[in-house]
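Structure assessment
The lines below spell out each chain.
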Amino acid sequence: MYLQKHPKKKKNDIYNYYSIAESYREDGKSKKRVITYLGKLAPEKAQQIRNVLKIRMSTDTIVTTLDDLLFVDHWHYLDVAFLNHLWDEEWGFSELFPLPQDSSENRKKDISTGDIAKILTFYRCLNPGSYLNAVDWFKTTACDLIIGVDRAHFNESRIYRELTVIEQQKEKIEHWLYETLKERDNASMRMVFYDLSDSHFEGTKCEIASTGRTKSHGFKSKRVVLSLLVNLKGEPFSWDILEDYTADVKTLTGNADKWAQKFGFKKITLVFDRGMVSDDNLIHLENSKKYLYITAMNKNQLPTVEGIETKRFKNFTENTIEKKILSIGLTKYDDKTYYEDLGVDNDKRRHVLVFSPYLLKTHRKARDILIEKAIEEIEQEKQSLLKAQKSRHVKPTEKKIDKILNKFNVSQFLSYNLKSTVLTKNNGSKIQTFNLIYEKNTEATKKAMLTDGIWMLVTNISETTEPKEYRLDPRELIKAYRDKNRVEEGFKEVKSFLKFQPTFVYTNKHVRTHYTICILSYLLDVTITNKLRENKIEEVSSVNKVYHILKRCVIGKIGLKGDKSRILKLTTMTNMQKNILEMFNCKHLGMNNHLKSIRVKKM
């Protein structure tokens with residue numbers, strides 16, 4: 001049945017009269033008939049009757065009042081469903097884990113290893129915390145509907161049992177990522193970036209940790225060293241936790257051999273930080289024939305490079321004009337950077353000198369600050385010596401002063417000597433101590449200033465490198481080394497947003513699994529980041545923003561007072577949420593057919 005309108009014209013006005021009609025079929029033909037005439041109706045009254053007829057014709061419609069409507073509960077949906085799409089459709093990770101079959105007990109698992117890995121990865125992306133809290137977080141989401149698991153089977157004991165199984169798949173995941181990335185964009189895998197970072201544990205136990213100095217938190221008794229290898233787009237494909245770590249420079253050769261064997265490199269360009277540069281490392285890479293490399297030299301190594309001619313920078317300051325910079329043989333890279341290709345030396349290594357007036361200012365300011373801080377502490381030590389309450393000895397005193405100079409790395413810029421002196425106490429006793437005399441070493445400072453603002457690339461890539469696609473000009477070499485911040489960004493994500501530290505597991509395998517979960521989370525993040533770089537969405541500039549927008553689309557449980565039946569409804573999606581889904585080809589996550597498959601109705 002429906003409300004039928006009958007407009008009638010009287011003079012110059014039109015009046016609407018209404019009737020209730022219905023459609024029917026007779027002799028195979030569609031017909032309609034009027035059930036009753038209603039006469040003239042106000043527009044509001046006509047709409048009310050339409051609503052009543054609509055309710056009458058719908059089997060899903062219940063007549064109630066707002067006071068009787070219950071909003072029973074809700075669960076996060078769209079952010080989790082979105083990550084699930086990336087996990088399965090973008091990367092196909094579900095294929096990499098064992099089927100839900102527990103071979104040791106010869107029975108089917110209630111929840112698969114792959115589902116545990118998936119849920120923990122989503123947890124690291126959306127609400128990182130301890131694995132104990134993962135169970136509580138899981139209950140606030142629609143993961144059970146999206147993935148198709150029983151909510152009761154995701155529990156603490158299952159998580160910890162599966163962590164070891166997840167780590168057993170690590171090498172398989174690395175191979176999968178390497179081959180997938182190479183197949184999708186072979187050019188992005190010609191150059192890879194390697195870096196190390198560290199984290200630490202609080203507490204008294206961790207099988208894999210060792211004592212050592214961390215880069216951000218000083219000396220720690222429970223430190224772990226993390227390695228990461230990413231491609232040109234910042235996508236990770238190999239990672240590890242290094243045991244028996246001693247120094248950055250000693251990790252490269254072993255890892256390089258391992259990567260070559262694991263992935264079967266024919267030729268690849270490795271970009272790494274200057275902290276890993278040593279003659280032994282470079283020779284090892286050169287002899288392997290599989291590796292080209294791009295790295296930089298430490299500042300104290302610069303004067304040894306052939307053709308650098310540091311004296312030409314003698315009078316340079318941060319205000320030196322471009323014309324003067326170009327006059328000494330440098331070429332402009334951008335508004336803040338200049339370079340000179342110094343060519344290939346006798347060791348067949350190519351050097352590219354890079355100069356920046358801004359970096360010159362930074363170097364000089366940093367040195368001045370360190371010298372002043374060292375002088376402050378030396379002055380304090382001087383006063384302490386002149387007020388000594390007991391006799392001092394030469395060797396311990398020199399050791400203490402040298403420690404101050406080494407602490408600020410200024411031993412070459414400050415010199416000192418200890419002049420013996422005797423103090424007489426009130427009771428007449430004598431104290432042997434020293435007068436600490438120090439001065440700035442101006443010649444050493446002037447020499448250091450010659451390399452301020454300079455950094456030096458070193459590579460085995462030249463104009464004769466084969467195959468040709470691996471040849472790079474100086475500008476491309478500079479860009480490549482600058483792009484190494486992609487791996488640094490990866491570590492920043494793992495340690496901050498993904499919160500590798502603090503870590504809530506302690507056994508060797510569990511800590512390694514934790515790092516694997518962090519890397520998988522980072523991969524999902526960088527997938528989103530790269531897509532946002534390619535396709536701009538207004539007001540959506542970061543991974544965090546994407547998650548924040550999507551998490552507001554939830555599934556609610558709705559019911560009526562006095563009625564035990566409940567239905568699941570998805571909140572209305574915003575245009576911004578729809579735009580994000582469209583960008584990642586997953587609009588179906590908000591469509592009726594997909595929602596019906598997980599027993600949810602659309603608003």
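Check the entry above for the structure.
For the structure given in this document, a descriptive report is provided here.

What counts, and at which threshold
- Residues numbered from 1 in each chain as written.
- Predicted model: local features only at pLDDT ≥ 70, side-chain atom pairs only at ≥ 80, totals over all residues.
- Heavy atoms only, no water.
- Axes fitted to C-alpha atoms, helices over the stretch in contact; angles between N-to-C directions.
- Helix = DSSP H or I, 4+ residues; strand = E, 2+ residues; numbered from the N terminus.
- Parallel < 35°, antiparallel > 145°, perpendicular 65-115°, else oblique.
- Left-handed = near helix turned anticlockwise from the far one by under 90°.
- Contact = heavy atoms within 4.5 Å.
- Phe/Tyr/Trp six-rings, centres within 6.5 Å; stacked < 30°, edge-to-face > 60°.
- Lys NZ or Arg CZ within 6 Å of the ring centre and 35° of its normal.
- Salt bridge = Lys/Arg side-chain N within 4 Å of Asp/Glu carboxyl O.
- Buried < 20%, exposed > 50% of the residue type's maximum accessible area, 1.4 Å probe, protein only.
- Pairing = 2+ DSSP bridges.
- Expected span 1.5 Å × (residues − 1).
- Polar contact = N/O pair within 3.5 Å; in protein donor to acceptor, adjacent residues only side chain to side chain.

1. Overview of the packing of helix α4 (residues 131-139) against helix α6 (residues 156-167)
Geometrically, a packed helix pair is captured by the angle between its two axes and the distance between the axes. With their axes 9 Å apart at the nearest point, α4 and α6 run at an angle of 125 degrees to one another. Classified by the interaxial angle, the pair formed by α4 and α6 is oblique. The two elements α4 and α6 meet at a crossing, and its hand is right-handed. Taken together, the residues of α6 that come into contact with α4 (itself represented by Y131, L132, A134 and V135) are E156, I159 and Y160.

2. A short note on the packing of aromatic side chains
All told, the structure shown has 19 aromatic pairs when counted by the stated rule. A centroid spacing of 6.3 Å and a plane angle of 15 degrees characterise the contact between W91 and F93, whose relative ring orientation is stacked. Its guanidinium or amino end placed over the ring of Y17, K8 lies 5.3 Å from that ring's centre, counting from NZ or CZ. The aromatic ring of F413 is capped on one face by R367, whose charged end is 5.7 Å from the ring centroid.

3. Here we look at unusual backbone geometry
Leaving glycine out, the prevailing phi sign among residues is negative, and the prevailing peptide bond configuration is trans. Following E466, the chain continues into P467 via a peptide bond in cis, with omega recorded as -5 degrees. Structurally, P467 can be placed in the loop between β18 (454-459) and α14 (474-482). The phi angle at D27 is positive, at roughly 55 degrees, despite the residue not being glycine. Mapping D27 onto the fold places it in the loop between β2 (13-26) and β3 (29-40). We note that K289 has phi near 70 degrees; this positive angle belongs to a residue other than glycine. Position of K289 among the secondary structure elements: in the loop between α9 (279-288) and β12 (291-296).

4. A short note on the pattern of salt bridges
Tallied over the full model, the rule gives 28 salt bridges. As a salt-bridge pair, K31 and E26 come within 3.1 Å of each other at their nearest N and O atoms. Residue E466 is joined to R471 by a salt bridge in which the shortest nitrogen-to-oxygen separation is 2.8 Å. What makes R471 partly exposed here is its relative accessible area of 27%. Put simply, K299, R364, R367 and D452 are held in one network by salt bridges that share partners.

5. Side note on the side chain of Q4
Within the element layout of this structure, Q4 appears in strand β1 (residues 2-10). Those residues within four positions of Q4 in sequence are excluded, and the remaining contacts are Y17, Y18, S19, A21 and K32.

6. Concerning the sheet that holds β3
Spatially, the three strands line up as an open sheet ordered β1-β2-β3, and their pairing is antiparallel. Bordering the open sheet on either side are β1 and β3, each of which pairs with just one other strand. Sheet twist, expressed as the mean angle between neighbouring strand axes with direction ignored, is 35 degrees.

7. So, the environment of E243
Counting through the fold element by element, E243 comes out in the loop between β10 (236-242) and α8 (252-263). Judged by relative accessible area, which is 41%, E243 ranks as partly exposed.

8. Quick notes on the packing of helix α2 (residues 78-90) against helix α3 (residues 113-126)
Running from N to C, α2 and α3 point in directions that differ by 125 degrees, and their axes come no closer than 10 Å. One element, α2, and the other, α3, form an angle in the oblique class. The two elements α2 and α3 meet at a crossing, and its hand is right-handed. Only G114, A117, K118, T121, F122, C125 and L126 of α3 make contact with α2, whose side of the interface consists of D79, V80, L83, N84, W87 and D88.

9. Describing helix α7 (residues 170-184)
Taking 1.5 Å as the rise per residue, α7 with 15 residues should run 21 Å; its terminal C-alpha atoms sit 21 Å apart, in good agreement. Among the residues of α7, those classed as buried are K170, I173, E174, L177, Y178, T180 and L181. Buried residues belonging to α7 abut α6, β10, α8 and α16 (508-534).

10. Overview of the environment of T464
Turning to its location among the elements, T464 is positioned in the loop between β18 and α14. Classification of T464 by relative accessible area gives exposed; the value is 63%. One polar contact links T464 to S462, side chain to side chain, over a distance of 3.1 Å.

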